[in-house]
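Observations on the three-dimensional arrangement
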Amino acid sequence: MNNIVENIKKELIIRCNTYKEKHNYDFWNDHIKYVVKNAVELAKKYNADVEIVELGALLHDIAMPSECGPREEHNIYGAKIADELLTKLNYPQDRKQRVKECVLRHRGSKDLLRNTIEEQCVADADVMAHFDCIPSLFHLAFGKNEMKLSLEDGTDFVKKKLERDYNKLSSRTREILKGRYENIINVLFVNIK
């Protein structure tokens, strides 16, 4: 792993650990490490720039454990944090801009145009991570239970989230994930009449 990636990863893990101590949610182990793993695999498969993708994946949600800005705009605040961190590390301006675009355009809940294969890799990997750590979705539904969901409603929330996520994937990645998606839905959400 090169120095820039390692430095960003260390900084991110510090922020994730601080957040975990305060809020009992581990962004690194429950989400981001899966995004990074999937993003790097997709970058290699799709001939994307692996370093740009890996940095974009590491930084895509950094605003949340940094507690910077509203959650709905974490991509915007994350791009600003990415700029600050990469500038401190003297990362080349043109490459820094490409990483920031990955952070800005990763959100599946926003209909954002993805202009590069690197942006698509990070966005797809963000979705794929939900299939790697399904308990984190149940934690979202029931953890603090701020939504006051019943077991049935919470389960339905998770199922619909996975369905929306799957449908947000690029067609290439959706095909790769199809069998796994169908297995998860069939195992977790048995429909008994």
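For the structure, see preceding data.
So, a few notes on the structure that sits alongside this text. (Residues numbered from 1 in each chain as written. Predicted model: local features only at pLDDT ≥ 70, side-chain atom pairs only at ≥ 80, totals over all residues. Heavy atoms only, no water.)

Comments concerning the nonpolar core
Heads up, the rule is: Throughout this description, the term nonpolar core refers to a set of buried Ala, Val, Leu, Ile, Met, Phe, Trp, Tyr and Cys residues connected via side-chain atoms within 4.5 Å. In this scheme, a residue with accessible area under 20% of its type's maximum is buried, one over 50% is exposed, and one in between is partly exposed, where area comes from a 1.4 Å probe on protein chains only. A run of H or I in DSSP counts as a helix once it spans at least four residues, and a run of E counts as a strand once it spans at least two, with each numbered from the N terminus. What makes two residues a contact is simply this: any of their non-hydrogen atoms within 4.5 Å.
Counting residues in each nonpolar core, the largest one holds 58 residues, and the members touching the most others are Leu55, Leu59, Leu86, Phe131 and Leu162. Tallying contributions element by element places helix H2 (residues 27–45) first for this core, with 10 residues. Those residues in contact with leucine 59, other than ones at most four positions away along the chain, are Ile8, Ala82, Leu85, Leu86, Val99 and Val103.

A look at helix H7 (residues 134–142)
Here is the rule we go by: Throughout, the arc means that of the directions going from the helix axis to the C-beta atoms.
Those residues of H7 not exposed but buried are Ile134, Ser136, Leu137 and Ala141. Angularly, the buried residues of H7 cover 155° about the axis, an arc narrow enough to put them on a single face. Looking at the buried side of H7, the elements it contacts are H2, helix H6 (117–132), helix H8 (151–168) and helix H9 (171–188).

Section: the packing of helix H1 (residues 3–23) against H2
Applied cut-off: Here the axes come from fitting lines to C-alpha atoms, over the contacting stretch only for helices, and the angles between their N-to-C directions go from 0 to 180 degrees. Note on residue categories: nonpolar means Ala, Val, Leu, Ile, Met, Phe, Trp, Tyr, Cys or Pro, charged means Asp, Glu, Lys or Arg, and polar means any other residue, Gly included.
At their nearest, the axes of H1 and H2 sit 10 Å apart, and the two run at 145° to each other. In this structure, H1 uses Lys9, Leu12, Ile13, Cys16 and Tyr19 to contact H2, whose residues at the interface are Phe27, Trp28 and Ile32. Taken together, the residues that form the contact of H1 with H2 break down as 7 nonpolar, no polar and 1 charged.

Details of the side chain of glutamate 119
Secondary-structure assignment places glutamate 119 in helix H6. Overall, glutamate 119 belongs to the buried group, its relative accessible area being 3%.

Observations regarding the pattern of salt bridges
Counted only if it meets this: Salt bridge, as used here: a side-chain nitrogen of Lys or Arg that lies within 4 Å of a carboxyl oxygen of Asp or Glu.
The final tally for this structure, using the stated rule, is 16 salt bridges. Between aspartate 156 and lysine 160 there is a salt bridge, and its shortest N-O distance comes to 3.0 Å. With aspartate 156 and lysine 160 both in helix H8, this residue pair falls 4 residues apart, about one helical turn. Since its relative accessible area comes to 32%, aspartate 156 is described here as partly exposed. Through salt bridges with shared partners, a single ionic network connects Asp49, Glu51, Arg95, Arg98 and Glu118.

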